[in-house]
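# Descriptive analysis of the structure
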Amino acid sequence: MKSRTPKPLHPLAGKPLIAHVLRTAGELHPEAIVAVVRHERERMAEAVLEFAPHVRIADQDEVPGTGRAVEQGLEALEGFEGHVVVLSGDVPLIDAETLQALVERHEREGNQMTLLSAHLGDPTGLGRIVRDEAGAFVRIVEQKDASDAERAIDEVNGGIYVFDAAALRRALGSIGRDNAQGEMYLTDAATRIQSTGGRIQAVPAGDIWAIWGINDRIQLAAAAHELNDRIIRRWQAAGVTVTDPASTWIDIDVTLAEDVTILPGTQLHGATAIAAGATIGPDTTLVDTEVGEDAVVKRTDATLSVIGARASVGPWAYLRPNSLIGDDGKVGTFVETKNSQIGAGSKVPHLSYIGDAVVGEGSNIGAGTITANYDGQQKHRTTVGSHVRTGSHNVFVAPVTIGDGAYTGAGTVVRKDVEPGALAINVAPQRTMPGWVAANRPGTTAADAAAAANTQAPNA
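Since the model is a prediction, treat every value here as computed from it, not as a measurement.

### Some words on the overall build of the chain
Of the regular secondary structure elements, the chain holds 10 helices and 38 strands. A compact globule built from 460 residues would reach a C-alpha radius of gyration of about 23 Å, whereas the chain, at 33 Å, exceeds it by more than 25%. With the C-alpha coordinates of the chain rotated into their principal frame, the extents come out at 115 × 50 × 45 Å. The buried share among the 460 residues of the chain stands at 44%. Across the chain, every contact between residues at least 6 apart in sequence was considered, and the portion connecting residues at least 24 apart equals 35%. About 22800 Å² of surface is accessible on the chain, with carbon and sulfur atoms providing 51% of the total.

Right, here's the structure in full:
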């Protein structure tokens, strides 16, 4: 991946690759799940336990290879004698239905080893499935160890297996490292199982994405597009309108109700939840945000926020964490909110910053309003009551309270609490100096315009 981040921790639809694999493993309801870690051991173990706290962590030693990884994973299953399913942390699109069918095939056929394969147009870099003339499984050969004829085979090993636990233990005990990579290959277990008369089958997957491994960012992007397409189709089938799937991205944990409309250029991330009838977009990004019924959110960036029913947000609004917009509320054009509650029916229509504030119900915040919430050391709260009308270009210097039903004049800097029903203004007499332009800017277009206006005036 050419990255400081371990490959299984790269994100896909809002979760690291390993989380998708762990989720699928859990859907099989196994007796135990073991995660074998080696590179970046602490980071990997922490991530695994975050998404699956009951997983057993096994450490791979300095002996390289998938065979050694599985061998040490089996040590965490001492005494277990059932079926062992082996998955890879970089194959995120394998699904529980495919795995369940593979396990059932394994049981029904009495196999000691059953593996998932796929036919690819370009099998470069992958192990090939060698079959005899009757189509029966013969062996797996890695590309670096394959002959020219074997490299021409298009059926590849998907790296997903079901083993009989006892047969797997016996096979792993006799695997060496005599190969081009000097590794202990898990695929060599097939040869050992066959040598003792064990039955092996390779089952081609109907969906090549089930075995799609991530080895670089090109493959990661391809998997992301495929998973996103599946997520969008699932929501469309459930009654969600997505007008432009090509420009819409929806994470796997997002929830959408019926009659939601998603417009072009929208990204829904994390645990975002959209209620029935809401319209999101265009050009909107929501992260861990809740949106109520029939709300409209357009050209907006919101994180860890709650938008009430029938509320209107945007265009070009920025909701930072802990913003709560009440039912029927409005946050309009070029408005930023942070750690603030806008009450039901209240409006912040234009060009404002509302931070660390509470606004009651039915209030209107004038254009260009700023809550001055930071004194250089601490953040302070602003409280605006219900049914308040504030003038344009106000500054509320926190901590300050504006009571219910109060008004403030345009250009007011509110430094002291305003009692309910009062009018707060900053009185500054306007001074007008007649003839200033003619005296100080002679010959300008402004002077000419003023002279023409004065000539035409009745009392000029």
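### Looking at helix α3 (residues 66-75)
The element α3 is extensively covered by neighbouring structure, given that 8 of its 10 residues are classed as buried. Looking only at α3, the buried set comprises Gly67, Arg68, Ala69, Val70, Glu71, Gln72, Gly73 and Leu74. On the buried face of α3, the contacting elements are β3 (34-37), β4 (56-59), β5 (83-86) and α6 (165-172).

### Things to note about the pairing of strand β7 (residues 128-131)
Bridge analysis of β7 against strand β8 (residues 137-141) gives 4 bridges, and the strand direction is antiparallel. Of the residues in β8, the one forming a bridge with arginine 131 is phenylalanine 137.

### Some thoughts on the packing of α3 against α6
Between two packed helices, what matters for the description is the angle formed by their axes and the separation of those axes. The geometry of α3 relative to α6 is characterised by a closest axis approach of 10 Å and an angle of 125 degrees between their N-to-C directions. Here α3 is positioned oblique relative to α6, judged by the angle of their axes. The two elements α3 and α6 cross, and the hand of that crossing is left-handed. Every residue of α6 that contacts α3 at Gly67, Val70, Glu71 and Leu74 is listed here: Leu168, Arg169 and Leu172. Class assignment for the residues of the contact of α3 with α6 results in 4 nonpolar, 1 polar and 2 charged.

### Focus on the pattern of salt bridges
Overall, the coordinates contain 20 salt bridges when judged by the stated rule. For glutamate 150, the salt bridge goes to arginine 139, with nearest N and O atoms at 2.2 Å. Taken together, the residues span a long stretch of sequence, with glutamate 150 in helix α5 (residues 148-151) and arginine 139 in strand β8 at a distance of 11 residues. With its nearest N and O atoms 3.3 Å apart, the salt bridge here joins arginine 299 to aspartate 283.

### Observations regarding the nonpolar core
Residues Ile280, Val291 and Ile307 are the most contacted members of the largest nonpolar core, which totals 54 residues. Secondary structure elements with two or more residues in this core: α8 (217-237), β24 (317-319), β31 (357-359) and β35 (400-402). The greatest single-element share of this core, amounting to 6 residues, is contributed by α8. Non-local contacts of isoleucine 280, meaning those with residues more than four positions away in its chain, are made with Thr261, Ile262, Leu263, Thr266, Leu268, Ile274, Leu286, Val291 and Val297. Listed in part, the 25 residues of the second largest apolar core include Val70, Tyr161, Leu186 and Ala190.

### Structural notes on the environment of leucine 49
Mapped onto the elements of the fold, leucine 49 is located in helix α2 (residues 41-51). Once the C-alpha coordinates of leucine 49 and alanine 19 are considered, the two residues, 30 residues apart in sequence, prove to be 9.8 Å apart. Those residues in contact with leucine 49, other than ones at most four positions away along the chain, are Val55 and Ile57.

### A closer look at the sheet that holds β35
On the basis of which strands lie adjacent, the open sheet formed by 9 strands has the order β13-β16-β19-β22-β25-β28-β31-β33-β35 and parallel pairing. Strands with a single pairing partner mark the edges of an open sheet, and in this sheet they are β13 (255-256) and β35. In the sheet, strand β25 (residues 324-325) pairs with strand β28 (residues 341-342) via 2 bridges, with the strands oriented parallel. Across the sheet, the residue bridging to isoleucine 325 is isoleucine 342, located in β28.

### Brief notes about a nonpolar patch on the surface
Judged by side-chain polarity, Tyr407, Leu423, Ile425 and Val427 come together as a nonpolar surface patch covering roughly 450 Å² of accessible area. Within the secondary structure, tyrosine 407 sits in strand β36 (residues 407-408).

### Thoughts on the sheet that holds strand β17 (residues 279-280)
What the 7 strands build is an open sheet, ordered β11-β14-β17-β20-β23-β26-β29; its pairing is parallel. Of all the strands in the sheet, the pair left with one neighbour each is β11 (241-242) and β29 (347-350). Pairing of strand β26 (residues 330-333) with β29, which is carried by 3 bridges, proceeds in the parallel orientation. Looking at β29, one finds that valine 331 is bridged to valine 348.

What counts as what
Residues numbered from 1 in each chain as written. Predicted model: local features only at pLDDT ≥ 70, side-chain atom pairs only at ≥ 80, totals over all residues. Heavy atoms only, no water. Helix = DSSP H or I, 4+ residues; strand = E, 2+ residues; numbered from the N terminus. Rg over C-alpha atoms; globule rule 2.2 N^0.38 Å. Buried < 20%, exposed > 50% of the residue type's maximum accessible area, 1.4 Å probe, protein only. Contact = heavy atoms within 4.5 Å. Areas by Shrake-Rupley, 256 points an atom, 1.4 Å probe, with all protein chains shown as cover. Pairing = 2+ DSSP bridges. Axes fitted to C-alpha atoms, helices over the stretch in contact; angles between N-to-C directions. Parallel < 35°, antiparallel > 145°, perpendicular 65-115°, else oblique. Left-handed = near helix turned anticlockwise from the far one by under 90°. Nonpolar A, V, L, I, M, F, W, Y, C, P; charged D, E, K, R; others polar. Salt bridge = Lys/Arg side-chain N within 4 Å of Asp/Glu carboxyl O. Core = buried A, V, L, I, M, F, W, Y, C linked by side-chain atoms within 4.5 Å. Patch = residues over 30% accessible without salt bridge, like charges linked within 9 Å, V, L, I, M, F, W, Y side chains within 5 Å.

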